[in-house]
Amino acid sequence: MKTALITGITGQDGAYLAELLLEKGYKVHGIKRRASLFNTDRIDHLYQDPHEKDPRLVLHYGDLTDSMNLTRIIQETQPDEIYNLAAMSHVKVSFDTPEYTANADGIGTLRILEAVRLLGMEKKTRIYQASTSELYGLVQAVPQSETTPFYPRSPYAVAKLYAYWITVNYREAYGMFACNGILFNHESPLRGETFVTRKITRAISKIALGMQKDLYMGNLDAKRDWGHAKDYVKAMYLILQQDVAEDFVIATGVTTKVRDFIKMAAAEVGLMLDFSGEGVDEIGVLVGINEPVFERATGCGSDETGARARIGETIVRIDPRYFRPTEVDLLIGDPTKSKEKLGWVPEYDLKGLVEDMMQADVKAFRRDRDLIRAGHSILNQAE
Ligand code: NDP
Ligand code: GDR
């Protein structure tokens, strides 16, 4: 039985990867942070009672900023593969917390590589580093491939640039099997609520159900290459199963504007949006409803209003608070190498991704709405 250690197991990718590796028969160790509330929602379905004999999923308290902790966990768990997914992963927040981001996302990667080396495990343990399309930043060329020059545009991306190169350096200097997956944006129903796709699918679901008035957005012109996280964790696994350690771009090769993602999400519940105006004055107006789609998707019968009462109203507005000091305007990846060498074939396209996210959010908010109607209070009302 192979053993894997996943940092960031409580995050979107950590949850899908843990599930994949457990299915493949791995013993999985995960590092989670101590928090004042439970933070294992995404992996609770994989959890086994620790009192059972030989549980295949084991969680350890830890933090990427704590070398001693990381070294001890690696020594105790003796992993064949380490997937370093932990990071302060929000680009906008990295402008507010640049030093912490550098420490966790940049030096955190060094801590793992150096722990493996100092423990004499450099021939045993393979390491996957969660690199990012944010490295490309200010557009140098499109589509972006493994050979496109980097130009990071945020404290997050600069920290990840260090992590990228220290991974390459340990591979070249010490012969370690250490690889970068340069992953373009990938989303899912498990995506953090403040990333743009999930913010949109949650808000549109609530607007359709009559539970929210407005959606405030930042830059609607940004273009992203969005895939499904379920497909992308398969690529992480494949990268560590190769004969030779190499870096790979994982992307769909299709790019879409944020504004069009909003329209697609709305169309899933039969809402038709029209955008007008420019810059901070741009608005998105609800111009019509496709009734059969609306009723099927929301479960709202003809006696319920939901979004019906809002036709002609503005539901999307701009709030400059969400603009970034420096933006990444256009990402579009070239996955040729990963398709040829890894045999990686994604199952979801953008339509399938939006469908999956919208179905999950509508279902969750309908349940909340029904509970509220039945007189229960819902604790998590975050928007
Ligand atoms: P999430 O933000 O969903 O998850 C991040 C994980 O890292 C969480 O488990 C979080 O713990 C943990 N974490 C954060 N800081 C620390 C720390 N100091 N010590 C230990 N754990 C920490 O990210 P994703 O799952 O979306 O992304 C996974 C990785 O891939 C990240 O490194 C991200 O930067 C990178 N990436 C993501 C892409 C994407 O589109 N999703 C694209 C390219 C790269 P907690 O739950 O306690 O917050
Ligand atoms: P990104 O993802 O910065 O690409 O980083 P995010 O979803 O946060 O932003 C994508 C684009 O949407 C624009 N945008 C908004 N973004 C957010 N979050 N909220 C808004 O209201 C909003 N309005 C417009 C942004 O300006 C941006 O252009 C993600 C993270 O997962 C990183 O960890 C990862 O490395 C990269 O993807 C690849």
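Residues numbered from 1 in each chain as written. Chains lettered and ligands numbered in written order. Predicted model: local features only at pLDDT ≥ 70, side-chain atom pairs only at ≥ 80, totals over all residues. Heavy atoms only, no water.

Draft legend 1. Broad picture of the sheet that holds strand β6 (residues 178–183). Here we have seven strands laid out as an open sheet, ordered β3-β2-β1-β4-β5-β6-β11, and parallel in their pairing. Either end of the sheet is taken by a strand with one partner, and the two such strands are β3 (57–61) and β11 (248–250). Across this sheet, the average inter-strand angle for adjacent strands is 20 degrees, counted without regard to direction. Bridge count between strand β4 (residues 81–84) and strand β5 (residues 126–132): four bridges; the pairing is parallel. Directly across from Glu-81, in β5, lies its bridge partner Arg-126. Against the sheet, helix α4 (residues 98–118) contacts β1 (3–7), β4, β5 and β6, and its axis sits at roughly 170 degrees relative to β4. (Pairing = 2+ DSSP bridges. Helix = DSSP H or I, 4+ residues; strand = E, 2+ residues; numbered from the N terminus. Axes fitted to C-alpha atoms, helices over the stretch in contact; angles between N-to-C directions. Contact = heavy atoms within 4.5 Å.)

Draft legend 2. Quick look at the packing of helix α6 (residues 196–208) against helix α11 (residues 350–373). Closest axis-to-axis distance for the α6/α11 pair is 9 Å, and the angle between their directions is 50 degrees. Classified by the angle their axes make, α6 and α11 are oblique. When you trace α6 past α11, the crossing you get is right-handed. Residue-level contacts link Thr-197, Arg-198, Thr-201, Arg-202, Ile-204, Ser-205 and Lys-206 of α6 to Met-357, Met-358, Asp-361, Val-362 and Phe-365 of α11. A class-by-class count of the residues in the contact of α6 with α11 yields five nonpolar, three polar and four charged. (Parallel < 35°, antiparallel > 145°, perpendicular 65-115°, else oblique. Left-handed = near helix turned anticlockwise from the far one by under 90°. Nonpolar A, V, L, I, M, F, W, Y, C, P; charged D, E, K, R; others polar.)

Draft legend 3. Highlighting the site of ligand 2. Contacts to ligand 2 come from 22 residues, most closely from Ser-89, Thr-132, Tyr-156, Arg-324 and Glu-327. A distance of 2.6 Å is found between an oxygen atom of ligand 2 and a side-chain nitrogen or oxygen belonging to Thr-132. Contact between ligand 2 and Lys-199: an oxygen atom at 2.7 Å from a side-chain N or O atom of the residue. For ligand 2, whose unbound accessible area comes to 710 Å², protein coverage reaches 95%. A class-by-class count of the residues in the shell around ligand 2 yields eight nonpolar, eight polar and six charged. For the shell around ligand 2, the two domains that each supply at least three residues are domain 1 (3–183) and domain 2 (196–223 + 257–328 + 349–374). (Near = heavy atom within 4 Å. Polar contact = N/O pair within 3.5 Å; in protein donor to acceptor, adjacent residues only side chain to side chain. Areas by Shrake-Rupley, 256 points an atom, 1.4 Å probe, with all protein chains shown as cover. Domains from an automatic or database assignment.)

Draft legend 4. Broad picture of the environment of Arg-202. Position of Arg-202 among the secondary structure elements: in helix α6. For Arg-202, a relative accessible area of 10% corresponds to the buried category. In the structure, Arg-202 is positioned 28 residues away from Tyr-174 in sequence and 46 Å away in space, judged by C-alpha atoms. (Buried < 20%, exposed > 50% of the residue type's maximum accessible area, 1.4 Å probe, protein only.)

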